[in-house]
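The lines below spell out each chain.
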Amino acid sequence: MAFIIGNGKLFTRDSSMPYIEDGAVAVDGAKIVEAGACSELKEKYKGFEFIDAKGGIIMPAFINTHEHIYSAMARGLSIKGYNPQGFLDILDGQWWTIDRKLTLEQVKYSAMDTMISCIRNGVTTIFDHHASFGHIKDSLFTIADAAKELGVRACLCYEISDRDGMEKARESVMENAEFIRYALKDDTDMVAGMMGMHAQFTISDATMELAASQKPDGVGYHIHVAEGIEDLHDCLKKYGKRIVDRLMDWNILGEQTLLGHCIYINPHEMDLIHDTGTMVVHNPESNMGNACGCPPTMELVKRGILTGLGTDGYTHDMTESYKVANVLHKHHLCDANAAWGEVPKMLFENNAAIANRYFKTPLGVIRPGAAADVIVVDYDPPTHLDQNNLNSHILFGMTGHDVVTTVANGKVLMQDREVKVADTKEVMAKCRESSAQLWKSING
């Protein structure tokens with residue numbers, strides 16, 4: 001498909017041409033062929049279809065580097081007897097209770113709901129960390145099928161854990177390994193796989209060894225690290241070392257590995273993360289909602305550790321996470337100057353850098369040869385807007401629901417708030433039907 005998105009304020013995230021007042025993007029197939037003045041591109045590409053941005057903001061689509069599709073059907077759920085007194089109670093009482101009951105069909109509609117919401121919020125690339133101990137085999141393939149149907153780029157993994165016994169831990173390892181091999185053979189540049197792990201406190205040395213032996217070359221791990229203080233205490237008690245040291249000993253760290261959270265890590269562990277080129281993803285709303293604490297994210301960014309921004313399934317709106325991270329670190333550090341530069345760097349630069357360790361085509365930027373992942377935001381600024389203050393306008397003036405058009409890999413997924421790749425009423429009806437079955441299985 002060949003088209004132009006134009007008649008809007010174009011923000012490219014390309015330093016060589018960051019902003020065009022009346023700009024446009026020309027797309028042919030899966031990639032951007034040119035960005036420039038709207039009148040010039042319309043004249044140059046006369047045969048291209050024209051998508052009118054109607055004076056809105058044209059910018060690269062968002063990337064979410066830590067999602068949890070399996071949590072989709074938790075919205076509104078009340079579990080009998082659930083009264084958490086700490087993070088471990090939250091895990092076992094809510095999230096593990098849900099994932100132990102998930103069927104393959106429920107996994108499918110959790111993915112459909114999540115990805116439709118991503119499209120509506122301008123997110124076209126996700127790194128998902130999946131768990132469905134009620135049905136492990138083929139769960140990643142089911143999610144990948146949903147991503148393919150909806151046109152969302154996805155890097156997937158399954159959450160290895162010993163929490164439900166060694167047989168399910170082995171099945172989890174094999175699901176990861178089989179899916180990674182499938183993804184490595186895929187030539188669409190729209191699907192990737194990692195070796196997923198829950199957290200070290202639920203993973204024995206035997207399972208670590210199995211995962212290492214089954215992981216194909218060329219990929220890394222996606223693992224929760226020190227999300228709760230209990231994880232650190234467990235590692236110190238069982239192994240006499242800190243979490244990142246244990247991961248180092250198992251050769252888990254490296255440029256292809258993504259560590260989620262990293263709340264309770266010390267400077268020595270930061271050095272290990274930095275020196276191995278390991279990636280980190282911060283999930284502010286989830287950390288606050290679970291009362292886990294505030295990670296030293298500003299220090300990680302300052303040290304040059306590639307640190308991205310994710311949602312942990314808490315939301316699918318990256319602008320929402322941007323807002324929360326901004327105020328969280330100001331509040332935590334009692335520093336009104338904190339997070340102004342670090343958080344947008346995480347969202348707009350680092351998320352793209354993380355994604356491009358798994359996807360070949362440049363993401364997060366509008367320039368020739370980059371992936372045609374473009375959104376239009378309906379935003380009429382009340383004050384001056386240019387490349388120097390765009391981030392402040394996003395932070396204080398926009399939400400994900402202001403996105404009106406979403407393009408991924410050159411395919412129009414949503415236009416003028418109408419999702420083009422699914423019958424959303426039908427999908428939501430199936431989601432409600434599936435979630436009702438899940439809730440009944442949990443509460444009886």
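Structural data are supplied above this passage.
Keep in mind the model is a prediction, meaning the values are calculated, not measured. (Residues numbered from 1 in each chain as written. Predicted model: local features only at pLDDT ≥ 70, side-chain atom pairs only at ≥ 80, totals over all residues. Heavy atoms only, no water.)

On the basis of which strands lie adjacent, the open sheet formed by five strands has the order β10-β11-β12-β13-β14 and parallel pairing. If you trace the sheet from one side to the other, it starts and ends with β10 (195-199) and β14 (307-309), each paired once. Averaged over all pairs of adjacent strands, the angle between strand axes in this sheet comes to 25 degrees, irrespective of strand direction. As paired strands, strand β11 (residues 221-225) and strand β12 (residues 258-261) are joined by four bridges and run parallel to one another. In the strand pairing of β12, His222 is matched with Leu258. (Pairing = 2+ DSSP bridges. Helix = DSSP H or I, 4+ residues; strand = E, 2+ residues; numbered from the N terminus. Axes fitted to C-alpha atoms, helices over the stretch in contact; angles between N-to-C directions.)

What follows covers the side chain of Thr114. Of note, Thr114 is situated in helix α3 (residues 104-120). For Thr114, a relative accessible area of 0% corresponds to the buried category. Setting aside its immediate chain neighbours within four residues, Thr114 contacts Glu67, Ile69, Ala72 and His316. (Buried < 20%, exposed > 50% of the residue type's maximum accessible area, 1.4 Å probe, protein only. Contact = heavy atoms within 4.5 Å.)

Right, let's get into the pairing of β12. As paired strands, β12 and strand β13 (residues 279-282) are joined by three bridges and run parallel to one another. Counted as the bridge partner of Gly260 is Val281 from β13. Once you follow β12 into helix α9 (residues 267-275) and on to β13, the crossover reads as right-handed. (Right-handed = clockwise from strand over helix to strand, strands pointing away.)

Through backbone hydrogen bonds, the strands of a sheet pair up, either in parallel or in antiparallel fashion. The four strands lie next to each other as β6-β7-β8-β9, forming an open sheet whose pairing is parallel. One side of each edge strand has no neighbouring strand; the edge strands of this open sheet are β6 (62-67) and β9 (191-193). Looking at each pair of strands side by side, their axes are set apart by 10 degrees on average, direction ignored. Across three bridges, strand β8 (residues 153-158) lies against β9 in parallel orientation. Residue pairing for β9: Cys155 is matched across the bridge by Ala192. Taken strand by strand, helix α5 (residues 166-185) contacts β8 and β9, and its axis lies near 140 degrees from that of β9.

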